[in-house]
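Below are the chains, spelled out letter by letter.
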Amino acid sequence: MSWIDKINQVWQGDCLELMKEMPDKSIDLIITDPPYGILPKGKINDHFVWDNIDLIPFTQKWFNESFKKLKQDSFMFIFWSQKNLKQGFEIFNPHRLFFWGYDNLIFGGNGDFAYDYEPVFVVKKGNPKLVKGKHSCKLHFTKPQSNFKLDRLQHPTQKPLELIKHLIKLVDNTNLIMDLFMGSWTTARACMDLERNFIGAELSEKYCEIGRNRLKQQVLL
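Please read these numbers as outputs of a predicted model, since none were measured by experiment.

**Q** Outline the pattern of salt bridges, listing residues and values.
**A** Side-chain pairs of opposite charge can arise whenever the charged atoms involved come near each other. For the structure on display, the rule yields 13 salt bridges. Note that D28 and K71 form a salt bridge whose closest N and O atoms lie 2.9 Å from each other. Pair noted here: D28 is in strand β1 (residues 27-32) and K71 is in strand β2 (residues 70-79), with a separation of 43 residues, a long-range link. Here D193 and K165 are joined by a salt bridge, their closest N and O atoms 3.0 Å apart.

Structural data, given as structure tokens:
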């Protein structure tokens, strides 16, 4: 099966292996939410095993390979963590940074600041432009919740469906969008809703099954 056959499907596997099959300069836009190496570890948190990484070499490797796959004059939007902000700047050398804020806070303890936003790096290849208009660097979208019907929480780091749609609509001429760490396949669902093509990878069989079900739900609407 060639990489072309993996377009618009839930594909289980390593994103590095997928990218080996792909030609350079084949992707119009990358939106991805990689492991940050910050989630709890231990027996009671075995479901976070995917976040148990050696952050710097792991991130540098997938970023270098994915940057090759971007077409000239294209964007990459990378969700990242507050805790490792310095490392993110050093690896990605971003053009800009914007912030996704939300009301359902994770409060800081012992007099610390609340974790009520997540940074998103804007990486440019060449000189791409957003669609015409003024675009704020402060985005406000409610986190998915377990009691939501359309955007129900199914992954511990799941991003809002409407947030991903917003990012896609910021960029013109995005025929093929890649997400290297699909999770519960929010990017895939957003692409289907907006009639864009997508390609990406997810290692977990559990989340691939969740992703397939989410795409089936979209087809039934």
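**Q** An account of the side chain of T187 is needed here, citing residue identities and associated values.
**A** Relative to the elements of secondary structure, T187 occurs in helix α5 (residues 186-193). Excluding its chain neighbours within four sequence positions, the residues that come into contact with T187 are I31, I164, I177, D179 and M182.

**Q** Tell me about the packing of helix α2 (residues 55-69) against helix α3 (residues 85-92), and name the residues and values.
**A** For the pair α2 and α3, interaxial distance at closest approach is 10 Å and the crossing angle is 35 degrees. α3 is crossed by α2, and the crossing has right-handed handedness. Where α2 abuts α3, its residues I56, T59, Q60, W62 and F63 lie against Q87, I91 and F92. Taken together, the residues of the contact of α2 with α3 break down into five nonpolar, three polar and no charged.

**Q** Any chance you could break down the packing of aromatic side chains for me, citing the residues and the numbers?
**A** What characterises a pair of aromatic rings is the spacing of the ring centres plus the angle enclosed by the ring planes. By the definition in use, this model includes 17 aromatic pairs. On the basis of an interplanar angle of 90 degrees and a centroid distance of 6.4 Å, the ring pair of F79 and W100 is categorised as edge-to-face. With F79 in strand β2 and W100 in strand β3 (residues 96-106), this residue pair connects regions lying 21 residues apart in the sequence. As far as the burial class goes, F79 and W100 line up, both buried. Aromatic pair W185 and F198: ring centres 6.0 Å apart, planes at 70 degrees, arrangement edge-to-face. One end of the pair, W185, is in the loop between β6 (176-179) and α5; the other, F198, is in strand β7 (residues 197-200), with 13 residues separating them in the sequence. Among the aromatic residues, ring-to-ring pairing joins Y36, F58, W62, F63, F67, W80, F89, F92, F121 and F181 into one connected group. Positioned above the aromatic ring of Y102 is the side chain of K143, whose terminal nitrogen or guanidinium carbon lies 4.5 Å from the ring centre.

Calculation notes
Residues numbered from 1 in each chain as written. Predicted model: local features only at pLDDT ≥ 70, side-chain atom pairs only at ≥ 80, totals over all residues. Heavy atoms only, no water. Salt bridge = Lys/Arg side-chain N within 4 Å of Asp/Glu carboxyl O. Helix = DSSP H or I, 4+ residues; strand = E, 2+ residues; numbered from the N terminus. Contact = heavy atoms within 4.5 Å. Axes fitted to C-alpha atoms, helices over the stretch in contact; angles between N-to-C directions. Left-handed = near helix turned anticlockwise from the far one by under 90°. Nonpolar A, V, L, I, M, F, W, Y, C, P; charged D, E, K, R; others polar. Phe/Tyr/Trp six-rings, centres within 6.5 Å; stacked < 30°, edge-to-face > 60°. Buried < 20%, exposed > 50% of the residue type's maximum accessible area, 1.4 Å probe, protein only. Lys NZ or Arg CZ within 6 Å of the ring centre and 35° of its normal.

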